[in-house]
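Breakdown of the fold
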Amino acid sequence: IILDQLDLNVTRSVDATQKKFDVGFTLEQNFGSDAALFHSNGSTIYSPTKIGLARQPKNQYDIEQAYLTFAVPVGSGLTLKVGKFVTLLGNETINPTTNAFFSHSFLFGEVALTQTGVLANYNFTDSLGATAGFTRGWDQSLKDDNGSLDLLGQVTYKTGNWNFTFTATTGDQQATGSGLDGWRTVLDPIATYQYSDNLKLACEAMYGWEAQVDAGGTANWYGACLYASYKLTDMFTLNGRGEWLDAPDGYLPSGLGNVGADQFYELTLGVAITPFPNGIGDAVPGNISSGLVIRPEVRVDYSDHGVWSGDNSHDQLTAAIEAYYAF
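Only a predicted model underlies this, so the values are computations on that prediction, with no experimental measurement involved. (Residues numbered from 1 in each chain as written. Predicted model: local features only at pLDDT ≥ 70, side-chain atom pairs only at ≥ 80, totals over all residues. Heavy atoms only, no water.)

Per the secondary structure count, the chain includes one helix and 17 strands. Taking 20 Å as the expected radius of gyration for a compact globule of 327 residues, we find that the chain reaches 21 Å, a close match to that expectation. Within the chain, residue pairs in contact and separated by at least 24 positions form 54% of the contacts whose partners lie at least 6 positions apart. Of the roughly 16,600 Å² of accessible surface on the chain, 60% is carried by carbon and sulfur atoms. Charged side chains in the chain number 17 positive and 35 negative. The centres of these two groups are separated by 9 Å. (Helix = DSSP H or I, 4+ residues; strand = E, 2+ residues; numbered from the N terminus. Rg over C-alpha atoms; globule rule 2.2 N^0.38 Å. Contact = heavy atoms within 4.5 Å. Areas by Shrake-Rupley, 256 points an atom, 1.4 Å probe, with all protein chains shown as cover. Lys, Arg positive; Asp, Glu negative; His and termini not counted. Charge placed at Lys NZ, Arg CZ, Asp CG, Glu CD.)

Let's shift gears to unusual backbone geometry. In this structure, P57 follows Q56 across a cis peptide bond, with omega equal to 0°. With respect to the secondary-structure elements, P57 resides in the loop between strand 2 (22–32) and strand 3 (60–72). Non-glycine residue R55 carries a positive phi angle of around 45°. Within the secondary structure, R55 is located in the loop between strand 2 and strand 3. According to the relative accessible area criterion, R55 is partly exposed, its value standing at 24%. Even without being glycine, D139 reaches a positive phi, approximately 55°. (Buried < 20%, exposed > 50% of the residue type's maximum accessible area, 1.4 Å probe, protein only.)

So yeah, pure geometry; function would need other evidence.
See the structure below:
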């Protein structure tokens with residue numbers, strides 16, 4: 001049993017639709033074993049040899065987000081974000097409460113976790129919005145590996161029960177002195193469909209390429225992930241995820257596929273259990289007790305090249321159970 005995250009998020013929100021200038025902020029701090037996996041360059045006190053899977057110490061501290069927000073009275077309302085923030089890329093997040101599972105998809109590992117820079121958001125209509133800006137790069141904050149900026153943008157569109165998001169980023173992600181043209185581009189469309197009050201479906205696709213990962217030249221990677229969530233009762237929600245990721249050139253930003261051309265597959269099934277959705281009698285009201293969620297899951301992974309440890313290196317079976325409380 002390990003402590004994954006203790007997360008404290010303090011936010012003062014702004015509302016650009018009020019058409020007046022306002023200033024807000026977000027400061028999110030994280031402590032636990034997860035923090036070792038998402039430190040950004042320049043915002044950690046730990047040695048590079050003691051972060052990541054090394055986890056020395058096991059529980060670490062991280063400033064996950066620290067940014068200012070500005071509501072600017074332009075048109076229907078412009079919002080500016082300046083500082084360090086979680087990336088716009090991907091369907092899954094660092095925050096476990098917005099995910100369906102304890103484990104993450106492969107695609108989650110092939111994008112940045114946090115970025116530092118400036119973003120501008122503008123909603124043209126109730127259905128159509130856009131965000132665009134620049135950052136210091138993937139997981140760069142107070143320090144930058146190469147000193148160059150990358151571009152980050154997102155378009156959102158809502159119609160009926162459909163939500164569409166298209167996110168793109170491009171920029172040099174290789175460190176200065178590597179001798180490589182590390183210009184990396186990722187396209188990340190996501191569609192969600194609320195089929196009924198109980199059933200929600202989602203699909204994320206990804207295509208990425210990098211100009212020069214070694215002396216050989218360009219590498220490409222692409223994949224797709226499907227999600228289904230069905231609410232049986234207020235207490236039980238069934239979740240499923242199926243995924244495919246292809247690294248035909250033997251390279252992935254995470255390093256997972258850097259063993260030659262490879263394909264990865266995973267299937268995850270789980271259930272989210274909210275033991276007290278309506279409170280515990282008259283003593284504890286529902287708005288306090290419903291924050292407790294218990295999530296068991298079973299996952300099967302397969303890879304062409306057999307990157308998993310153990311005798312069955314081409315596949316692995318994992319089972320996990322987590323609990324979180326949010327308030």
